[in-house]
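A look at the structure
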Amino acid sequence: MTLDEFAEEAPRFTARHLRAGSDTCSLRLHREIRQRKGGARNYGSSRSFDVERRLLTDIATAHSELGVPDRAAFPTPTDLSAEEQRVYQAAMIGYLTVFPEPFVVAPLDDEWESIDPELGYRWVGPVTLPGLDSEGRARVRLAAVTSRSIQLDEAAHALIALRTESLGELVYIDRAALIDADRLEPIVIDAEVRAQARTWAVERAERLLAIGDDARPRMGRDCMGCPYVAQCPVYR
Ligand code: SF4
C-alpha cells in the first residue's frame with residue numbers, strides 16, 4: 001500500500017468530531033471519519049469566511065520574507081462587495097496593529113491535515129499562518145476577523161498541538177481577533193503539552209471509532225447539516 005493509499009484509508013478527525021458526544025449518529029460519524037467521499041455538502045459557504053480567507057491569503061503573501069508588511073501589501077479587493085471591503089480593511093488594519101513584530105510564513109507540508117506517526121490517524125484542521133519570528137522561534141499566528149475562532153477549547157487546542165509538531169518542539173500560538181485589534185496571551189506548546197494533547201485526542205478518537213463501527217443512523221441534532229441525508233435510511 002502506498003503512503004497516499006494509506007492516507008485515504010486512515011480515519012480522519014476534525015475538532016468537531018473530537019467534541020462529539022456519545023449520542024452522536026453512528027452512521028454519520030462512520031462515514032465522516034472512515035468514508036470521506038460520497039456525501040454532499042448541504043450548506044453554502046459563508047461570506048464572512050470568504051473575507052477572512054482572502055485576508056489570510058494576502059497576509060501570508062505579505063510575509064513571504066521576514067518583515068513587517070505595510071498597507072501597500074494589501075490592495076483593496078475590488079471583487080468583494082463594499083461591505084466586505086470595509087470588513088477586510090478594518091481587519092487588515094487590526095492585523096498590522098496587533099502584530100508589529102517581524103514574521104515569515106513557513107507553510108506546513110499539508111495545509112489541512114497531519115498523519116499521526118504511530119496510529120495513522122489523520123488530524124484535520126487548518127493552521128493559520130505558521131512561521132518563524134526574527135529569532136527563529138516557531139509561531140502560529142491564529143488570526144481571525146472576529147474572536148470566534150481564537151477561543152480554543154480542548155479539541156481545537158489538541159488539534160493545533162498535534163498539527164504543529166513539524167514546526168518544532170516548542171511552538172508559540174499567537175491569537176488575535178482582528179476587527180477588535182485584540183491580541184491574547186500566547187499559548188506555548190511544548191513536548192509535554194503535545195503529549196497530553198495526543199493522549200486526550202487518541203482516547204477520544206478510539207471512542208469515536210467504536211461508536212462509528214455500529215454505523216447505524218440516529219435521528220437527532222446531527223441531521224442538521226448532515227452531508228449524507230439524501231442516502232440516509234431514516235429519511236427514505
Ligand atoms: S441524516 Fe441524520 S440519521 Fe441520517 S446519517 Fe445523517 S445524522 Fe444520521
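An account of the accompanying structure is given in this report. (Residues numbered from 1 in each chain as written. Predicted model: local features only at pLDDT ≥ 70, side-chain atom pairs only at ≥ 80, totals over all residues.)

1. Focus: the overall build of the protein chain
On a plain count of helices and strands, the protein chain comes out with 7 helices and 9 strands. Here the protein chain has a C-alpha radius of gyration of 19 Å; the compact-globule value for 236 residues is 18 Å, and the two agree. If you line up the protein chain on its principal axes, its C-alpha atoms span 55 × 45 × 35 Å. Counting all 236 residues of the protein chain, 32% fall into the buried class. (Helix = DSSP H or I, 4+ residues; strand = E, 2+ residues; numbered from the N terminus. Rg over C-alpha atoms; globule rule 2.2 N^0.38 Å. Buried ≥ 20, exposed ≤ 12 C-beta atoms within 10 Å, placed from the backbone.)

2. Overview of the site of the ligand
By nearness alone, 14 residues border the ligand, and Cys25, Pro217, Cys223, Cys226 and Cys232 come closest of all. Among the residues forming the shell around the ligand, the class breakdown is 11 nonpolar, no polar and 3 charged. (Near = placed C-beta within 6 Å. Nonpolar A, V, L, I, M, F, W, Y, C, P; charged D, E, K, R; others polar.)

3. Focus on the packing of helix α6 (residues 154–163) against helix α7 (residues 191–214)
Relative orientation of the contacting elements α6 and α7 amounts to 120°, with a least axis distance of 9 Å. Taken together, α6 and α7 sit at an angle that is classed as oblique. Taken as a pair, α6 and α7 cross one another with a handedness that is left-handed. Here Glu154, His157, Ala158, Ala161 and Leu162 of α6 come into contact with α7, specifically with Val193, Arg194, Ala197, Arg198, Trp200 and Ala201. For the contact of α6 with α7, the class distribution of residues is 7 nonpolar, 1 polar and 3 charged. (Axes fitted to C-alpha atoms, helices over the stretch in contact; angles between N-to-C directions. Parallel < 35°, antiparallel > 145°, perpendicular 65-115°, else oblique. Left-handed = near helix turned anticlockwise from the far one by under 90°. Contact = placed C-beta atoms within 7 Å.)

4. Thoughts on the environment of Cys25
Structurally, Cys25 can be placed in the loop between α2 (15–19) and α3 (26–34). In this structure Cys25 comes out as buried when scored by C-beta crowding, with 26 C-beta atoms within 10 Å. With 112 residues separating them along the chain, Cys25 and Arg137 place their C-alpha atoms 42 Å apart. If sequence neighbours within four positions are ignored, Cys25 has contacts with Pro217, Arg218, Gly220 and Asp222.

5. Things to note about the pairing of strand β5 (residues 130–133)
As paired strands, strand β2 (residues 103–105) and β5 are joined by 3 bridges and run antiparallel to one another. Paired with Phe103 across the strands is Asp133, a residue of β5. Two strands pair when backbone bridges link them, and β5 and strand β6 (residues 138–144) are joined in this way by 3 bridges, in the antiparallel orientation. Bridge pairing in β6 links Gly131 to Arg139. Hairpin connection from β5 to β6: 4 residues lie between these consecutive antiparallel strands, with Gly136 at a positive phi of about 80°. (Pairing = 2+ DSSP bridges.)

6. Quick notes on unusual backbone geometry
Phi is positive for Ala181, which is not a glycine, with a value near 50°. Here Ala181 lies in the loop between β7 (171–177) and β8 (182–183). With a phi close to 50°, Ala215 is a non-glycine residue in the positive phi region. Tracing the backbone through its elements, the reader meets Ala215 in the segment after α7.

7. So, helix α5 (residues 82–98)
Its 17 residues place the ends of α5 24 Å apart at the C-alpha level, agreeing with the 24 Å of an ideal helix rising 1.5 Å per residue. Within α5, burial applies to Val87, Tyr88, Ala91, Met92, Gly94 and Tyr95. Seen along its axis, α5 keeps its buried residues to an arc of 160°; they face one direction. Exposed and facing more than 90 degrees away from the buried side of α5 are Ala82 and Arg86. (Expected span 1.5 Å × (residues − 1). Arc of directions from axis to C-beta.)

8. Examining the sheet that holds strand β1 (residues 12–13)
Pairing is mixed across the open sheet formed by 3 strands, whose spatial order is β1-β4-β3. Only two strands of the sheet have a single neighbouring strand rather than two, namely β1 and β3 (113–115). In terms of strand pairing, β1 meets strand β4 (residues 122–124) through 2 bridges, oriented parallel. What sits directly across from Arg12, in β4, is Arg122.

By themselves, these are just geometric observations and shouldn't be taken as functional.
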